Amino acid sequence: MTHLWVRAEQRENEDRVGLTPEGAAELKKAGLRVTVEKSSVRAIPLQGYIDAGCEIAPENSWPTAPSDAIIFGLKELPDDGTPLSHKHIMFGHAYKGQPSGRILLDRFIAGGGTLYDLEYLVDMDGRRVAAFGYWAGFAGAAVSLKCWTAQQRGEACAAVHSYAGKDALLAELGSELRGFTPPVALVIGALGRVGTGAADLCEALGVYVTKWDMAETASGGPFPEVLDHEIFLNCILARPGTPIFVPESAKTAPRKLSVIGDIACDPDSDFSPIKVYDRTTSWEEPALRVATNPVLDVTAIDNLPSMLPVESSMDYASQLLPSLLTLTDLSTGVWARAETTFNTHK
């Protein structure tokens, strides 16, 4: 019997989960065994999984799970160097030249385990079967606006936190924007899920959005128009051939640009299109100031959807469930393609 083990998230400020109680009930109905760890932070209460008939395990007990269990989480595992012997479903961030990615892959090699990277679960046409994109864009635009309003007050952006829902976030942002003429934002990747979420947040608050996608960036650059907007929101994943949107020279160039929201957030990738920074930011310190005359802040938080953990979890889990229902056969479909990608990079 295929055994899916839903682990607790161990990363700070990570309240999401990739399987809802309703989805767990569907998996059990399909003949899968489902174990869910207790969690002190998960946004969806444990009782729903109990009611769905899941087995319950202690928090962070996945290393002692049966050897045939498939361990399912979202964000990074503890960076303790231990070999990984299980099959793991998670976001590995390991295939684009990231230094931490190489360390993770070596742990799988040492333990004989397998990584099914959620970013690389794709259909036959190469399209991702599930993504947090919309809520990443929504939250990323929100943090970028918080950075901009802080600048208008002569301050640095304060720590951010999670919200019960999007209405609470919009109400808070509306209050912060009151009294200021709204900025003009540029969204690149506007036709995708991330860009749609970013544009929706801006437009809900009266921020004018210039929307670019593949047609507007087909020339390969340079793109001086980026510097003519007060906020730039990058919603395109770094990959080979991605043009540079913000060169290093932007730090000293004449510009209106004062906030970059790198929602795709892959600064240590060789293919990053934003060359003015080299590390992610955090919930505690959302803004990295990369220039002072005039001011230029970058915000690049890599688990943005957890700011809206209930909405983002439910959305993502509904997209992923059809693929989880096929876990009984790892030799075909999305799982076989993900394993091939892992074997190519390890």
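S.K.: Help me understand the overall build of the chain in this model?
M.R.: Scanning the chain from N- to C-terminus turns up nine helices and 12 strands. Against the globule reference of 20 Å for 346 residues, the chain gives a C-alpha radius of gyration of 21 Å, in line with a compact fold. Oriented by its inertia axes, the alpha-carbon framework of the chain measures out at about 60 × 40 × 35 Å. Across the chain, the fraction of contacts at a sequence separation of at least 24, relative to all contacts at a separation of at least 6, is 71%. Just so you have it, the chain exposes about 14,600 Å², and 53% of that area is on carbon and sulfur atoms. Across the chain, 30 positive and 44 negative side-chain charges occur, with their mean positions spaced 1 Å apart.

S.K.: How should I be thinking about the environment of Val122 in this particular structure?
M.R.: Mapped onto the fold, Val122 is located in the loop between strand E6 (114–117) and helix H4 (133–152). The class for Val122 is buried, based on a relative accessible area of 17%.

S.K.: How should helix H1 (residues 21–29) be read in this particular structure?
M.R.: The periodicity of an α-helix, 3.6 residues per turn, causes residues three or four places apart in sequence to face the same way. For H1, the set of buried residues is Pro21, Gly23, Ala24 and Leu27. An end-on view of H1 places all buried positions within 155° of arc, on one side of the element. In H1, the exposed positions that point more than 90 degrees away from the buried face belong to Glu22 and Lys29. Here the buried face of H1 lies against strand E1 (3–6), strand E2 (33–37), helix H2 (46–51) and helix H8 (309–324). Two residues or fewer past H1, Gly31 is found with a positive phi of approximately 100°.

S.K.: Would you mind going over the sheet that holds strand E7 (residues 184–188) with me for this structure?
M.R.: Where strands meet in a sheet, backbone hydrogen bonds hold them as pairs that are either parallel or antiparallel. Taken together, six strands build an open sheet; the order of strands is E8-E7-E9-E10-E12-E11 and the sheet is mixed. Only two strands of the sheet have a single neighbouring strand rather than two, namely strand E8 (208–212) and strand E11 (287–292). Sheet twist, expressed as the average angle between the axes of neighbouring strands with direction ignored, equals 20°. In terms of strand pairing, strand E9 (residues 231–234) meets strand E10 (residues 259–262) through four bridges, oriented parallel. What sits directly across from Phe232, in E10, is Ile260. Its contacts with the sheet put helix H6 (residues 193–204) on E7, E8 and E9, and the angle it makes with E8 is roughly 165°.

S.K.: Looking at this model, I keep getting lost on the packing of H4 against H6. Mind explaining?
M.R.: Each packed pair of helices is defined by two parameters, the angle between the axes and the distance between the axes. Put simply, H4 and H6 touch, their axes get as near as 6 Å, and they point 45° apart. With respect to H6, the axis of H4 lies oblique. Judged by the twist between their axes, the crossing of H4 over H6 is right-handed. Side by side, H4 and H6 meet where Gly133, Tyr134, Gly137, Phe138, Ala141, Ala142 and Leu145 of the first sit next to Arg193, Val194, Thr196, Gly197, Ala198, Asp200, Leu201 and Cys202 of the second. Residue composition of the contact of H4 with H6, by class: nine nonpolar, four polar and two charged.

S.K.: Looking at this structure, I do not really get the packing of aromatic side chains. What am I missing?
M.R.: The final tally for this structure, using the stated rule, is 13 aromatic pairs. For the pair Phe132 and Tyr316, a centre-to-centre distance of 3.9 Å together with 5° between the ring planes defines the contact as stacked. With Phe132 in the loop between E6 and H4 and Tyr316 in helix H8, the pair connects residues that are 184 residues apart, well separated along the chain. Here the aromatic rings of Trp148 and Phe180 are separated by 6.1 Å at their centres, their planes lie at 85°, and the arrangement is edge-to-face.

S.K.: I tried to follow the environment of Leu288 on my own but got confused; where do I start?
M.R.: Within the secondary structure, Leu288 sits in strand E11. Overall, the relative accessible area of 15% leaves Leu288 in the buried class. Considered as a pair, Leu288 and Glu203 are 85 residues apart in the sequence and their alpha carbons are 25 Å apart.

Calculation rules
Residues numbered from 1 in each chain as written. Predicted model: local features only at pLDDT ≥ 70, side-chain atom pairs only at ≥ 80, totals over all residues. Heavy atoms only, no water. Helix = DSSP H or I, 4+ residues; strand = E, 2+ residues; numbered from the N terminus. Rg over C-alpha atoms; globule rule 2.2 N^0.38 Å. Contact = heavy atoms within 4.5 Å. Areas by Shrake-Rupley, 256 points an atom, 1.4 Å probe, with all protein chains shown as cover. Lys, Arg positive; Asp, Glu negative; His and termini not counted. Charge placed at Lys NZ, Arg CZ, Asp CG, Glu CD. Buried < 20%, exposed > 50% of the residue type's maximum accessible area, 1.4 Å probe, protein only. Arc of directions from axis to C-beta. Pairing = 2+ DSSP bridges. Axes fitted to C-alpha atoms, helices over the stretch in contact; angles between N-to-C directions. Parallel < 35°, antiparallel > 145°, perpendicular 65-115°, else oblique. Left-handed = near helix turned anticlockwise from the far one by under 90°. Nonpolar A, V, L, I, M, F, W, Y, C, P; charged D, E, K, R; others polar. Phe/Tyr/Trp six-rings, centres within 6.5 Å; stacked < 30°, edge-to-face > 60°.

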